[in-house]
Amino acid sequence: MAAHRCNIFMLVFVLCGLTYVLVRAEIEDTNHVKDAESVAVDIAPKANIGASLRSTKTEDQTQAAEEERQWEAETNPVDAPSDNKADHVHDTMQNLDSRPAPYVKDQTQEAAEEERQWEATEVKEADHVPDTMQTPDVPPPTPAKDQFQEELVIRPLHSGDIYASFQFRTMWDTDFLRGSKVSHYRLFPKSLGQVISKFSVRELHISFTQGYWRTMQWGQPFLPSPPGAELWVWFQDTVTDVDGAWKELTNVLSGIFCASLNFIDSTNTVQPSASFKPLGLGNVTDQRFLRYAVLPREIVCTENLTPWKKLLPCGSKAGLAVLMKSEKLFHSSFHSQALHFRPVCQDWKCKSTVWELRQTLNVVFDLHTSGQGKREWSLFKMFSRTLTEACPLASSSKVYVDVTDNPQGELFELSPTTPLLSQAVVLGDRRTYSVYDLTNQATFGQTRSLNMLLRWRAAESGDMLRPLLHGERYVAGYGLQTGEIHTLMYNNHPYRAFPVLLLDTVPWYLRLYIHTLTVTSKGRDNKPSYIHYQPSKDRLRPHLLEMLVQLPPNSVTEVTMQFERALLKWTEYTPDPNHGFYVGSSVISALVPSVVAMDTNSTRECPLFSSFFPCKEESSYFMRVYTEPLLVNLPTPDFSMPYNVICLTCTVVAVGYGSLYNLLTRTFQVEEPSPGLAKRLANIIRRLRGVPLL
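Residues numbered from 1 in each chain as written. Predicted model: local features only at pLDDT ≥ 70, side-chain atom pairs only at ≥ 80, totals over all residues. Heavy atoms only, no water.

1. Section: the overall build of the protein chain
What counts, and what does not: Under the DSSP-based scheme used, a helix requires at least four consecutive residues in state H or I and a strand at least two consecutive residues in state E, with every element numbered from the N terminus. When a residue's accessible area, from a 1.4 Å probe over protein chains only, is under 20% of the maximum for its type it is buried; when over 50% it is exposed; and in between it is partly exposed. Working rule for contacts: check all heavy atoms of both residues, and any pair within 4.5 Å makes them a contact.
Within the protein chain, the secondary structure is distributed over 14 helices and 26 strands. Each of the 694 residues in the protein chain was classed as buried or not, and the buried ones make up 40%. Long-range contacts, defined as pairs at least 24 residues apart, comprise 75% of the intrachain contacts of the protein chain with a sequence gap of at least 6.

2. Describing the packing of aromatic side chains
What counts, and what does not: A pair of aromatic rings is counted whenever rings of Phe, Tyr or Trp (Trp by its six-membered ring) have centres within 6.5 Å, and the orientation is called stacked for planes under 30 degrees apart, edge-to-face for over 60 and tilted otherwise. Look at NZ for Lys and CZ for Arg. If either is within 6 Å of the ring centre and within 35 degrees of the ring normal, a charge sits over the ring.
As enumerated under the stated definition, the model contains 25 aromatic pairs in all. Seen in terms of ring centroids, Tyr 400 and Tyr 433 are 6.1 Å apart; in terms of plane orientation they differ by 85°. Their pairing is edge-to-face. Residue Tyr 400 is found in strand S10 (residues 396-402), and its partner Tyr 433 is found in strand S13 (residues 429-437); the two are separated by 33 residues along the sequence. Like Tyr 433, Tyr 400 is buried. On the basis of an interplanar angle of 75° and a centroid distance of 5.8 Å, the ring pair of Trp 508 and Tyr 509 is categorised as edge-to-face. The class for Trp 508 is buried, based on a relative accessible area of 8%. Look at Tyr 509 and you get buried, because its relative accessible area is 12%. Aromatic rings pair up to connect Phe 148, Phe 166, Phe 168, Trp 308, Phe 365, Trp 377 and Phe 383 into one cluster. Sitting above the plane of the Phe 199 ring, Lys 198 keeps its charged end 5.8 Å from the centroid.

3. Looking at the state of the cysteines
Short version of the rule: The disulfide criterion used throughout: a pair of cysteine sulfur atoms within 2.5 Å.
Tallying each qualifying case throughout the model produces one disulfide. Its sulfur unpaired, Cys 647 is 6.8 Å from the next cysteine sulfur, which belongs to Cys 650. Overall, the relative accessible area of 31% leaves Cys 647 in the partly exposed class.

4. Looking at the environment of Leu 414
Note on placement: Leu 414 falls in strand S11 (residues 412-415). Sequence separation between Leu 414 and Val 403 is 11 residues, and the spatial gap between their C-alpha atoms is 9.0 Å. Not counting residues up to four positions away in its chain, the partners in contact with Leu 414 are Val 401, Val 403, Ser 434, Tyr 436 and Leu 453.

5. Let's talk about the pairing of S13
Put simply, the rule is: We treat two strands as partners when DSSP finds at least two bridges between them.
In the sheet, S10 pairs with S13 via five bridges, with the strands oriented antiparallel. Each residue of the ladder has a partner; that of Val 399, found in S13, is Tyr 436. Taken together, the six bridges between strand S12 (residues 421-426) and S13 define a ladder with antiparallel strand orientation. Bridge pairing in S13 links Val 426 to Asp 429. Counting the residues between successive antiparallel strands, the hairpin from S12 to S13 contains two residues, one of them, Leu 427, with a positive phi of roughly 55°.

6. Brief notes about helix H7 (residues 190-198)
Selection rule: Working note: the arc is built from the helix axis to C-beta atom directions.
Within H7 the residues assigned to the buried category are Leu 192, Gly 193, Val 195 and Ile 196. For H7, the angular spread of the buried residues around the axis is 165°, confining them to a single face. Buried residues along H7 sit against strand S2 (162-172), strand S3 (201-210), helix H9 (242-257), strand S7 (334-345) and strand S8 (353-365).

7. Side note on the sheet that holds strand S14 (residues 453-456)
Rules: Only C-alpha atoms enter the line fits that serve as axes; for helices the fit covers just the stretch in contact. Angles between N-to-C directions range over 0 to 180 degrees.
Spatially, three strands are ordered S9-S14-S11 in an open sheet, and the strand pairing comes out antiparallel. Strands at the two margins of the open sheet, each flanked by one partner only, are strand S9 (376-378) and S11. Averaged over neighbouring strand pairs, the angle between their axes works out to 10° when direction is ignored. Sheet topology places S11 next to S14; four bridges connect them, and they run antiparallel.

8. What about the sheet that holds strand S19 (residues 524-525)?
The five strands lie next to each other as S15-S16-S22-S18-S19, forming an open sheet whose pairing is antiparallel. Here the strands that pair on one side only, and so sit at the sheet edges, are strand S15 (469-476) and S19. Here eight bridges tie S15 to strand S16 (residues 482-491), and the two strands are oriented antiparallel to one another. From the neighbouring strand, His 470 faces S16, where its bridge partner is Tyr 490.

9. Quick notes on the pattern of salt bridges
Applicable threshold: A carboxyl oxygen of Asp or Glu within 4 Å of a side-chain nitrogen of Lys or Arg is what we treat as a salt bridge.
In this structure the tally under the stated criterion is 16 salt bridges. Between Glu 356 and Arg 169 there is a salt bridge, with its nearest N and O atoms 3.4 Å apart. Of the two residues, Glu 356 is situated in strand S8 and Arg 169 in strand S2; the sequence distance between them amounts to 187 residues. A relative accessible area of 19% means that Arg 169 is categorised as buried.

10. Things to note about a nonpolar patch on the surface
Put simply, the rule reads: Put simply, a patch holds well-exposed residues, over 30% relative accessible area, that have no salt bridge, with like charges counted together within 9 Å and Val, Leu, Ile, Met, Phe, Trp or Tyr side chains within 5 Å. A 1.4 Å probe and the Shrake-Rupley method give the accessible areas. Residues count as covered only by the protein chains that appear here.
A grouping of Leu 677, Leu 681, Ile 684 and Leu 688 is seen on the molecular surface, where their side chains present a nonpolar patch of about 440 Å² in accessible area. By secondary structure assignment, the location of Leu 688 is in helix H14 (residues 677-689). The class of Leu 688 is exposed, set by a relative accessible area of 73%.

11. A look at the side chain of Arg 473
Selection rule: In protein, a polar contact means a hydrogen-donor-capable atom and an acceptor-capable atom, both N or O and within 3.5 Å, with residues adjacent in sequence counting only if both atoms are side-chain atoms; elsewhere, any N or O pair within 3.5 Å suffices.
Tracing the sequence through the fold places Arg 473 in strand S15. A polar side-chain atom of Arg 473 sits 3.3 Å from a polar atom in the side chain of Asp 504. Once residues lying within four places of it in the same chain are set aside, the contact partners of Arg 473 are Ile 485, His 486, Thr 487, Asp 504, Val 506, Val 583, Gly 584, Ser 585, Ser 586, Thr 627, Glu 628 and Leu 630.

12. What about H9?
Under the convention used in this document: For a helix, the expected span equals 1.5 Å multiplied by the residue count minus one.
With 16 residues, H9 ought to run about 22 Å at 1.5 Å a step, and its terminal C-alpha atoms sit 22 Å apart, in line with that. Taken together, the buried positions of H9 are occupied by Val 242, Ala 245, Trp 246, Leu 249, Thr 250, Leu 253, Ser 254 and Phe 257. Between the side-chain oxygen at the start of H9 and the backbone nitrogen of Gly 244 there is a gap of 3.1 Å, and the oxygen is on Asp 241. Taken from the residues just after H9, Cys 258 is the one with a positive phi, measuring 50°.

13. Some words on the nonpolar core
Short version of the rule: We define the nonpolar core as a collection of buried residues of types Ala, Val, Leu, Ile, Met, Phe, Trp, Tyr and Cys that are connected through side-chain atoms lying within 4.5 Å of one another.
By size, the foremost hydrophobic cluster in this structure holds 90 residues, and its most contacted members are Phe 235 and Leu 387. Leaving out residues up to four positions away in the same chain, Phe 235 has contacts with Phe 199, Ser 200, Val 201, Arg 202, Val 242, Ala 245, Trp 246, Leu 249, Phe 289 and Arg 291. Residues Val 506, Leu 512, Val 549 and Phe 581 belong to the second largest nonpolar core, which totals 37 residues.

14. Looking at the environment of Val 426
Among the secondary structure elements, Val 426 is positioned in strand S12. Placed 185 residues apart in sequence, Val 426 and Ser 611 show a C-alpha to C-alpha distance of 8.5 Å. In this structure Val 426 touches Phe 222, Arg 431, Tyr 433, Phe 609 and Ser 610, once residues within four positions along its chain are discounted.

15. So, unusual backbone geometry
In this structure, the amide linkage connecting Ser 415 to the following residue, Pro 416, adopts the cis form with an omega of 0°. Looking at the element boundaries, Pro 416 is found in the loop between S11 and S12. In this structure, Ser 384 takes a positive phi of about 65° despite not being glycine. Structurally, Ser 384 is set in the loop between helix H12 (379-383) and S10. Of note in this structure, Leu 427 is not a glycine but carries a positive phi near 55°. Assignment of secondary structure puts Leu 427 in the loop between S12 and S13. Of the residues examined, Leu 427 reaches a relative accessible area of 28% and is grouped as partly exposed.

16. A closer look at the confidence of the model for the protein chain
Where we set the bar: The predictor attaches a confidence to each residue, and that confidence, scored 0 to 100, is pLDDT.
Taken as a whole, the protein chain shows an average pLDDT of 79; of its residues, 75% reach a score of 70 or greater. Predicted confidence for residues 31-65 stays below pLDDT 50, and this span has nine contacts to residues more than four positions away or in other chains. Predicted confidence is poor over residues 67-143, with pLDDT under 50, and the contacts of this stretch with residues over four places away or in other chains come to 23 contacts.

Here you go:
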């Protein structure tokens, strides 16, 4: 009974507590409503106050409405002309605001409000400021200057493959360099903004690439990147400990992108003296604030793509990012995702600076590996999805299809057709594109879905392309003691020679013989005009070699250098040492002669894929080329021998010591032999009879 009474008391106590909470919440809601009504009454216009006073004094509502309209007509005469346009606009806005709002909204207004739900809160509040609060002395609040643009470029290749390039650009209008703390992030990702402001980063360039770009078959990409992971950063000149900031930054970026960037240390980090100049504003020449590293063995997977997509304002829920399906992107011949952060000009006068975050994703779909029998492509076949809408936060959302080589439609057929055409100078050549504007609802048609179809008509072309600048790299020699690195640079221009800057980064366990360095062009020695070499230190830093070489027209320049393989400690080998050790790609930078005049105005509105590298001259454009990474075998001990030794030792110990221990610790006892069957039967009978046993 006592237990039942206790349960009843507890139940009554709980019910009383719930009743008290509900009554208290109801009282607070009532107080909030009263406060809101009092605030609304206080900020109401004078006309509404006069109308409410007259409505309280009169009992007839029709008569009060008539008096209110007469009073408004007297205070705001329509026939009085105004010479000031600002006063006229202000009076017109007051007349529009003084009209009573309808009680029931039509469907058009509801749809408009649903479309405006993605707008910023600052703009929304500015639109609802009462006219009595607006004075000529106080200017209206300026709209947010952050912008977001997205583009997709589709280029049919001569080999029958399809090259798709995604471009996302976010403009961040803030100034965190002067020590001001940034607390509001509208479109720019907060996780990345906090890292950049904490480590005082001026430029950040990172890429994750799976596969190698086949220049002789596909031509030049819009944004080149080497296989694996590449990271190069320019720090502010206020950073005192650059190496410490670099180490912390790589660890933080490793966590953001779920990559192995934490393996970047002093053994694979270099400080170039001439390569990798800033791509943004600021003529920074102090190379102490530059760090460059590459991990050629980094594997790109879905875990790297997911955090990359989360940095977009709309994520992968709307816009062009809905096409990024992991199982389709990674089932391709080439896949590369990159992120670039730099300062750029806000307008053509360049009086103010904004920060640009550009996210790019390049993918090449192979006709044969995709398992398609027909030579036709569509958005659904490439990405298993179609486009239904643009990102609501994007000021521009377009899809470009390269139709330069298909002026009359004899090479391929593109559907649905679009009347919008655009021309842009890309990599020194003028290209023509069909443009699909996703911000225009007419682009999606009646089905409200865009699925572009590209059907080839001509046969597949097996001819190799001849890009103006191309590079190759391989290892020669035999045995596991010495070898030779060969780097080939092709200049396919028929009559123009131009200089190139070659950057080579070689690990410390390949000991270079710098006195064997040779540079030949057309069978003759080609003396570099600039050489910067930093020797390696065992287990501390790699080799760094930079050269400025003049490439003759229509020639192949070969750079060779011998090396010796080092013998590592047994703890320094990878889990699969017989696979080999990777050496990063060589980097070739050059100003290549252009066929058409280049646009030097970087602030002019143009497609994103044609405005990444800054252009200072109309007669040339900047190009960066990466060679293949090297796979080098090192002297590898027989790691199975320790296993054999351990097994043999354990066997000897088990047999020898085990037998001796058995003999020393075992106790021996004498046991009598067991009696025969006849004797046992006789004992059983004698036991039954009570006779003593035998």
